[in-house]
Amino acid sequence: MATRTIGSGQVGRSVPRLEGAAKVTGRADYVHNIRLPKMLVGKIFRSTVAHGRIKSLNVSAAKALPGVYRVVTIDDIKTVIPNPFYGPAFHDQPILADGKVHFVGEPVAVVLATDPHIAEEAASLIEVDYEELPAVFDEVEAMTSKAVVHDELKPAGTFPDLKHLKGKKDTNIALDFHLRRGDPNKAFAAADHVFEHTFRSQQVLHVPLEPFVSAAELTETGLTIHTASQSPSFVRIEISRLLGWPENKVRVKVPYLGGGFGAKLYIKLEALVAALTLLVRRPVKISLTMEEQFYTLTKHAATFRIKSAVKNGKITGRDCEVWWNGGAYADIGPRITQKSGFTAPGPYDIDNVSIDSYSLYTNLTPAGALRGFGIPQLVWAYESHTDMMARALRLDPIEFRRNNILRDGRAQATGTQMKDAAVEQVLDRLALRMNWTAPFERGTGPVKKGRGIAVGFKASISPTTSIAIVNVAADGSVTLYCSTVDMGQGSDTANAQFVAEVLNVPAESVKVVHPDTDVTPYDMATLGSRSLYHMGNAVRLAAEDAKAKLSALAREVGVPEGSNVPVAELFQKKYKMQAGNIIGTGSYIPNYVPPDANGLTPEATPFWMVGGTGAEVEVDTETGHVRVTKMISVADVGRPVNPRIVETQLSGAATMQFGFTMQEKIELDGGQITNASFADYKIPSIVDIPRDMQNEAVESEQGTGPFGAKGVGESGTFGVSPAIANAIEDACGVRLTELPLTAEKVYRALREAQGRPLED
Amino acid sequence: MRTINFTLNGEQVSAHVAEHQSIVEILRDRFDLFGARESCAQGLCGCCTVLVDGTAVSGCLYLAAFANGKSITTVEGLATNGKLTPIQEAFLEVGASQCGFCTPGFVLMAGQLLEAHPDPDDDDIRHYLSGNLCRCAAYPEIIAAVKLAAGRLKAGTT
Amino acid sequence: MTPFELAEPKTLKEAVALLDADDPTIRPIAGGTALMLMMKAGVFRPSKLVSLSAIKDMSSIETVNGELKVGATTPLAVLERSDVVRKHAGVIIKTLRTLSNIRVRNVATVGGALAHADPHMDLPPVLIALGARVVVQGKSGERAIPVADLFAGYFETVLVKDELISSLIVPAQNGRRAAYLKCTTRAVHDWPALGVAVSVAADGNAIKDASIVVSAATEKPGRLVGAEKAAQGTVDDAGWRRAGEAAAEEAELITDGQGSAAYKKELVRVYVARALRAALGAQ
């Protein structure tokens, strides 16, 4: 990817990651490495039923095992946290099961010991007797099912659009979002063609290679939590709320994360380790196993019914109904339902739109954010649908898109005008890189070749705040304090580049202090590709503030404007020795207008992310095996801050979604996950990925972004699934509407198309 | 419980271990070496890779008791006096790590590859690294780093 | 994992003496990769493990009277790199390259790969097709068991709890050609959804005699006698496909996370034909 530096040359340069050496020598700091004096480790005992009332819980055998320090249940937790329910949208999740369990794998009790093997053994001795209750697993069934997951809904009060759900009973709907613009019914009545399809995305999960891990310890001044979290500020606020303490008594420290992808947001193990530490007055650490990640958080399975009216090759109306499978606790699901829900019609210029997006409770592992915040599920549907329409209308799929694409200045479904969203450039570059207009070799024999493209977009989560501090020491060295979590996306390096650009120092010389809520200021969270933009703006403002203060210092000590006097000399002149600091601060919150009763708003998002994918495939029509031979990711990332990291983010995101497209699926048997390990849940390895992977950031600039930049972590995911499904149909004429695109599904579809379906 | 004596990153060490403990637990708890880390716990991801007498094994599936009398090398034992190996240098330069959790395993397996195939082609690289997983999926960069390191090692320059 | 005793006998005889036919909590351990998985998952809680690592002379590879003899504690990686094996039955080396990963092959042993009796192993069908046998040491002496008769069912062998596999013997192949095709359905590298091993005696492309073994999709690896008959006398693709048809009819297939029985039947049909073609080196 080409280097486009600006100004002092720090932004736009492929600065090697600041922590690169620590990572290649195995010495990078993770919570995994933490051991505290007199620390106990906790092993969680989990539910084996999907929905049930706990009739009895017998921990006596576990307690009696030599080496066990204590066995803890919700009754113990309540002695330190009387109301032990947490969550970002609903206060629905108990620290340990409270009378009822709502999914298989829900934490019911914890064994504490110094030896993890003993804790594990003791946990296996705990016995529970359940009265099983009817359960619901499918998101569409959950709309009307007699099985109701929660007795009463408990919105957190943070979000105004959830307030009306307070105290509601006999429902699984955790949010219903509706948008109406124009007159879709009229558009459908006047259409030349009406198309309607339903698509499903399966339940998958993040599986960062560093599983969830948190530790807590009591200190003189309160509680310190060391946690692999993407949201240290949220953890502090939520733990303070649970304990009824002021924020400054809770300290949250986050070193590097061994991957996050949206899993390590909000509260995961933090409330539990905090409560345990308060109970036993000793440090407690809980490290989940890979298997336990399957019982912690997943991506939403979703069903999307999409209907379009087409007149003269233009899409004139669109009807979207989306059901999000939120699992047993809401986590951030309701925000996905709304914030991603409003983009369900896709990056198309459609005057008449209706959207109904539902967040549903089911008796599955809770679902939350995963690299795209719901967008990949939507793009999967609307870009498959787009190709199916183009095919039916005998139009070239790229031309059909070009005729309908949402261009800058036009209004998106919410009514917000598009700005700095390079949808068309992404499409053009994809077409060019795919050599779309050239003849395409289709293969001989049983192996058929095909190609497909797809393009999607995403709004940033709004309104959210980021604050940063830049500290210039008396020798001129620079330190950045911010609560953005570097989980592999390279935020330390990018933020150092922003500081360096403003203060005209090498990015490599900037020290970035990791999130520590005693030290680093508030940041909403590291999620949804928001940090480069929001924190980036705050960091730039903080650096500019420091720079202005340095200029003022220069004036104060009588150094003329524009002179080249080193910073250290300015301090020396003022303090007569190496002393003092300059502190620059920056705070950023973009404009936002909440949606009205029709879901409409003139300011839905501070910026748009655009991502497209092109795929070439080979289908073995005798077995259904699909090989993706080429995968091209093109995105609008604004100005690339660090071209090499941008490229890695694009291909990494695309590969993750490739796994969700071709391989990954949580298999269930009556609510019980049957493949909760890497032996049976296969993430992409080096031999799975396409041999030819290309990435491109189109020439673009985000006007309101720091140095023209915007988020990049998710854009590579958007188009992958539909591009591959579109390529499969192009290759062998069959259309799959449910992920993942396994060989057996392709084979069955081929047989179906031949009029001789495979018997079961 | 038993006492095992072994060479760890070139030093003679001993440890009192239980028969059911894995080598990766002992490295972490007794020797403060965190570079080999248990992740999938099934020998499939490679995060726990260590070398036993120069041969890569999954440390999470290797009983510590079996290390008695052997020589164990971890990622921390590769760089000498802060000088990175050519493979580490290449990983750093190319940007072949993102979150970094899998990186030690990839670095060690890349070492095994280049010992056996000093001039590897894409298939050799894929073959040797097929048992290591990177959820951030820096695979293209990892392949590039291995090639860069191979080139430099062959040229004798680092 | 729970505590256990670890014995490290120096001879095979001592090892056998430490085992107990009536105590399933005592088991031998060699590379330990499979056993560690079972212990970590809590499905096996041993009272005692008998390590075979200290036993000398159990990891040699040699040719004896034209037969390949491999000591049971030979690591798979050593087998994979052996020129003796390459010359004797190159199909074994090809098979090993996609068996699990390098770290596992560095420690997992030949004997362990057979005694574990996981139907999703790659070596058993190949060894069956090659007509291999194992030599088994018990308290009362040695016996030989054809690999084809070793497996009693899903994760079950015919071995008594106090018997140990001491070596594997692969007879002379006398110009027979063999191939193993591994079909995975969830990822490129995975346990096979279906394994097909074939060994043929042929004149050019004309098959005189074929051994056809399927694994992974079935409860245990086994020969398909009907398909072997159908393959006899075939000379081209049409014939090999007929053998595939016969195999699809004959194999008793299992539905699991890697695919439905109905789909696996189609895979058997295609892969048996492809395996015969591959063994013959035909296009």
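Cut-offs and rules
Positions within a chain are numbered from 1, following the residues in the order the chain's sequence is written. The naming scheme follows written order: chains are lettered A onward, ligands numbered 1 onward. Whole-chain, interface and lining totals are the exception, using all residues; otherwise, since this is a predicted model, local features are given only for residues with pLDDT of at least 70 and side-chain atom pairs are given and counted only at 80 or more. Hydrogens are left out, water is left out, and the side-chain values use all remaining heavy atoms of the structure. Whether two strands pair comes down to DSSP finding at least two bridges between them. Counting from the N terminus, the helices are DSSP H or I runs at least four residues long and the strands are E runs at least two residues long. Fitted lines through C-alpha atoms serve as axes, helices being fitted only where they are in contact, and the angles separating the N-to-C directions of these axes extend from 0 to 180 degrees. Exposure classes here rest on a 1.4 Å probe applied to the protein chains alone. A residue is buried below 20% of its type maximum, exposed above 50%, and partly exposed in between. Contacts are assigned to residue pairs with any non-hydrogen atoms lying within 4.5 Å of each other. Buried area, as used here, totals the accessible surface that two parts lose on assembly, with accessibility defined by a 1.4 Å probe and the loss added over both. The term salt bridge refers to a side-chain nitrogen of Lys or Arg lying within 4 Å of a carboxyl oxygen of Asp or Glu. Pairing of N or O atoms within 3.5 Å defines a polar contact, subject to two protein rules: one partner must be a possible hydrogen donor and the other a possible acceptor, and residues neighboring in sequence count only if both atoms are side-chain atoms. Source of the domain bounds: an automatic or database domain assignment. Ten residues, namely Ala, Val, Leu, Ile, Met, Phe, Trp, Tyr, Cys and Pro, are considered nonpolar, four, namely Asp, Glu, Lys and Arg, are considered charged, and the remaining ones, Gly among them, are considered polar. Comment on the angle field: the value is read as roughly parallel under 35 degrees, roughly antiparallel over 145, roughly perpendicular from 65 to 115, and oblique elsewhere. For any pair of crossing helices, the crossing counts as left-handed if the nearer helix is rotated counterclockwise from the farther one by less than a right angle, and right-handed if it is rotated clockwise. To count as a disulfide, a pair of cysteine sulfur atoms needs to be within 2.5 Å. Each helix should span, by expectation, one fewer than its residue count multiplied by 1.5 Å. Stacked, edge-to-face and tilted are the three classes for Phe, Tyr and Trp ring pairs, Trp counted by its six-membered ring, which pair at centre distances within 6.5 Å; planes under 30 degrees apart are stacked, over 60 edge-to-face, the rest tilted. For the purposes of this section, nonpolar cores are sets of buried Ala, Val, Leu, Ile, Met, Phe, Trp, Tyr and Cys residues that join through side-chain atoms within 4.5 Å.

Peer 1: Help me understand the sheet that holds strand β5 (residues 67-71) of chain C in this model?
Peer 2: The strands making up a sheet associate through backbone hydrogen bonding, with each pair oriented either parallel or antiparallel. Residue and element names in this part refer to chain C. Pairing in this open sheet of five strands is antiparallel, and the strands run β4-β5-β10-β6-β7 from one edge to the other. Either end of the sheet is taken by a strand with one partner, and the two such strands are β4 (61-64) and β7 (141-146). Ignoring strand direction, the axes of neighbouring strands in this sheet form an average angle of 25 degrees. Two elements, β4 and β5, share four bridges in a ladder whose sense is antiparallel. In the sheet register, Val64 faces β5, and the bridge partner there is Glu67.

Peer 1: Looking at this model, I keep getting lost on the pairing of strand β1 (residues 40-46) of chain A. Mind explaining?
Peer 2: Across a regular strand the side chains alternate sides, sitting on one face of the sheet and then on the other. Residues and elements named next belong to chain A. For β1, the tally of buried residues reaches seven of seven residues, placing the bulk of the element in the interior. Two strands pair when backbone bridges link them, and β1 and strand β7 (residues 107-113) are joined in this way by six bridges, in the antiparallel orientation. Following the sheet pairing, Lys43 is matched in β7 by Val111.

Peer 1: Honestly, the interface of chain B and chain A in this entry has me stumped. Any pointers?
Peer 2: It is common to give the size of an interface as the accessible area lost on bringing the parts into contact. Each partner contributes to the interface: chain B provides 49 residues, whereas chain A provides 50 residues. Looking at the side of chain B facing chain A, the largest losses of area belong to B:Gln98, B:Arg126 and B:Arg135, adding up to 22% of the total buried there. One salt bridge in this structure joins B:Arg135 and A:Glu664, with 2.8 Å as the shortest N-O distance. Our enumeration of links across chain B and chain A arrives at 24 residue pairs in polar contact (both at pLDDT 80 or more). When residues of the side of chain B that touches chain A are traced back to their parent elements, those giving at least two are α1 (23-31), α2 (86-94), α3 (103-116), α4 (122-129) and α5 (139-155) of chain B.

Peer 1: What should I look at first to understand helix α8 (residues 270-280) of chain A in this one?
Peer 2: Helical geometry note: an α-helix holds 3.6 residues per turn, so side chains three or four residues apart project in the same direction. Residues and elements named next belong to chain A. Burial runs high along α8: eleven of the eleven residues are buried. Those residues of α8 not exposed but buried are Glu270, Ala271, Leu272, Val273, Ala274, Ala275, Leu276, Thr277, Leu278, Leu279 and Val280. The first or second residue beyond α8 is Arg281, which carries a positive phi of 55 degrees.

Peer 1: Could you clarify how one ought to interpret the domain arrangement of chain B in this entry?
Peer 2: All names here are of chain B. Looking at chain B, the domain boundaries give domain 1 (2-77) and domain 2 (86-155). Placing the centre of domain 1 and that of domain 2 at their C-alpha centroids yields a distance of 22 Å. Between domain 1 and domain 2, the residue contacts involve 14 residues of the former and twelve residues of the latter. Summing the contributions of domain 1 and of domain 2, the shared interface buries around 1100 Å²; its carbon and sulfur component is 62%. The interface formed by domain 1 and domain 2 contains zero salt bridges. The interface formed by domain 1 and domain 2 holds five residue pairs in polar contact (both at pLDDT 80 or more) in total. At the level of secondary structure, the elements contributing two or more residues to the side of domain 1 that touches domain 2 comprise β3 (49-52) and β4 (55-58). The greatest single-element share of the side of domain 1 that touches domain 2, amounting to three residues, is contributed by β3. Among the residues forming the side of domain 1 that touches domain 2, the class breakdown is seven nonpolar, six polar and one charged.

Peer 1: I keep staring at the interface of chain B and chain C and nothing clicks. Help me out?
Peer 2: With 29 residues of chain B in contact, the opposing surface of chain C contributes 24 residues. Summed over both sides, the interface between chain B and chain C buries roughly 2200 Å², with carbon and sulfur atoms accounting for 63% of that surface. Applying the counting rule to chain B against chain C returns twelve residue pairs in polar contact (both at pLDDT 80 or more). Of all the elements in the fold, those that place two or more residues in the side of chain B that touches chain C are β4, α3 and α4 of chain B. In terms of residue class, the side of chain B that touches chain C is made up of 13 nonpolar, 13 polar and three charged.

Peer 1: Can you walk me through the side chain of B:Gln42 in this structure?
Peer 2: You can see B:Gln42 is positioned in the loop between α1 and β3. Given the relative accessible area of 18%, B:Gln42 is considered buried. A distance of 3.4 Å separates a polar atom in the side chain of B:Gln42 from a polar atom in the side chain of A:Ser677. Leave out the neighbours within four places in its chain, and B:Gln42 touches A:Ser677, A:Phe678, A:Ala679, B:Cys60, B:Leu61 and C:Leu37.

Peer 1: Any chance you could explain the packing of helix α17 (residues 643-662) of chain A against helix α18 (residues 720-732) of chain A here in plain terms?
Peer 2: A pair of packed helices can be characterised by two numbers: the angle between their axes and the separation between those axes. All names here are of chain A. Contact geometry for α17 and α18: axes closest at 8 Å, N-to-C directions at 55 degrees. In terms of orientation, α17 and α18 fall into the oblique class. As for the relative orientation of α17 and α18, their crossing is right-handed in sense. Counting all contacts with α17, which are made through Ala654, Gln657, Phe658, Thr661 and Met662, the residues of α18 involved are Val720, Ser721 and Ile724.

Peer 1: So what exactly am I meant to see when it comes to the state of the cysteines here?
Peer 2: Note on terminology: disulfide describes a covalent bond linking the sulfur atoms of two cysteines. Taken as a whole and judged by the stated rule, the model has zero disulfides over all chains. Not part of a disulfide, B:Cys40 finds its nearest cysteine sulfur in B:Cys45, a span of 3.8 Å.

Peer 1: Sorry, what's going on with α18(A) here?
Peer 2: Residues and elements named next belong to chain A. Taking 1.5 Å per residue, 13 residues should reach 18 Å; α18 reaches 19 Å between its end C-alpha atoms and fits that length. Counting buried residues along α18, 13 of its 13 residues qualify, which places the element largely inside the surrounding structure. A positive phi of about 80 degrees marks Gly733, the residue just after α18.

Peer 1: Just checking my understanding: could you explain the sheet that holds strand β5 (residues 71-73) of chain B for this structure?
Peer 2: All names here are of chain B. Across the sheet, five strands lie side by side as β2-β1-β5-β3-β4; this open sheet has mixed pairing. The sheet terminates laterally at β2 (11-17) and β4, the two strands that pair on one side only. Taking the axes of each pair of neighbouring strands and ignoring which way they run, one obtains an average angle of 40 degrees across the sheet. Along the sheet, α1 makes contact with β1 (2-8), β2 and β3, crossing β2 at roughly 105 degrees.

Peer 1: I'm lost on the pattern of salt bridges in this one. Help?
Peer 2: Two side chains with opposite charge may pair up if their charged atoms get near one another. Evaluation of the coordinates by the stated rule reveals 79 salt bridges over all chains. Close ionic contact of A:Lys630 with A:Glu616 constitutes a salt bridge, the shortest N to O distance being 3.8 Å. Taken as a pair, A:Lys630 in strand β26 (residues 626-636) and A:Glu616 in strand β25 (residues 608-620) lie far apart in primary sequence, 14 residues in all. Overall, the relative accessible area of 18% leaves A:Lys630 in the buried class. The shortest N-O distance in the salt bridge between A:Asp680 and C:Arg186 comes to 3.0 Å. Of the two residues, A:Asp680 is situated in the loop between β28 (672-673) and β29 (692-697) and C:Arg186 in the loop between β11 (177-183) and β12 (194-203); the pairing between them involves two chains. For C:Arg186, a relative accessible area of 13% translates into the label buried.

Peer 1: Honestly, the side chain of A:Lys268 in this entry has me stumped. Any pointers?
Peer 2: Residue and element names in this part refer to chain A. Along the chain, Lys268 turns up in the loop between β13 (250-253) and α8. When its relative accessible area of 12% is taken as the criterion, Lys268 is described as buried. A distance of 2.9 Å separates the side chain of Lys268 from the backbone oxygen of Leu265, its partner in a polar contact. Excluding residues that lie within four positions of it along the chain, Lys268 makes contacts with Tyr86, Phe212, Ala263, Thr296, Leu297 and Asp331.

Peer 1: Can you help me understand the packing of aromatic side chains in this one?
Peer 2: For any pair of aromatic rings, geometry is given as the distance between the ring centres together with the angle between the planes. Scanning all chains against the criterion turns up 16 aromatic pairs over all chains. For the ring pair A:Tyr30 and B:Phe101, a centre distance of 5.0 Å and an interplane angle of 85 degrees mean the geometry is edge-to-face. Of this pair, A:Tyr30 sits in the loop between α1 (20-24) and β1 while B:Phe101 sits in the loop between α2 and α3, each in a different chain. Note on A:Phe457 and A:Trp608: the rings are 5.1 Å apart at their centroids and 10 degrees apart in plane angle, and the pair reads as stacked. Highlighted residues: A:Phe457 in strand β20 (residues 447-459) and A:Trp608 in strand β25, separated in sequence by 151 residues.

Peer 1: Please clarify how the nonpolar core should be interpreted in this entry.
Peer 2: General note: in soluble globular proteins, nonpolar side chains tend to be found buried as a group. In terms of nonpolar packing, the biggest core is built from 249 residues, with A:Ile239, A:Ile286, A:Val470, A:Phe678, A:Ile724, A:Ile728 and B:Phe91 touching the most fellow members. By size, the runner-up hydrophobic cluster in this structure holds 50 residues, among which are C:Val104, C:Leu150, C:Ala197 and C:Val213.

Peer 1: What's the story with the domain arrangement of chain C in this structure? I'm lost.
Peer 2: Residues and elements named next belong to chain C. In terms of domain boundaries, chain C breaks down into domain 1 (5-49), domain 2 (61-170) and domain 3 (180-280). A straight line from the C-alpha centre of domain 2 to that of domain 3 covers 21 Å. When domain 2 packs against domain 3, the two sides together hide about 1500 Å² of surface, and 62% of this comes from carbon and sulfur. Joining domain 2 to domain 3, the criterion identifies one salt bridge. Asp122 is the partner of Lys182 in a salt bridge, and the nearest nitrogen-oxygen pair spans 3.1 Å. Scanning the region where domain 2 abuts domain 3 turns up seven residue pairs in polar contact (both at pLDDT 80 or more). Breaking the side of domain 2 that touches domain 3 down by element, the ones donating at least two residues are α4 (83-97), α7 (123-129) and β8 (151-153). Of all the elements, α7 adds the most residues to the side of domain 2 that touches domain 3, at five residues. Class assignment for the residues of the side of domain 2 that touches domain 3 results in twelve nonpolar, four polar and two charged.

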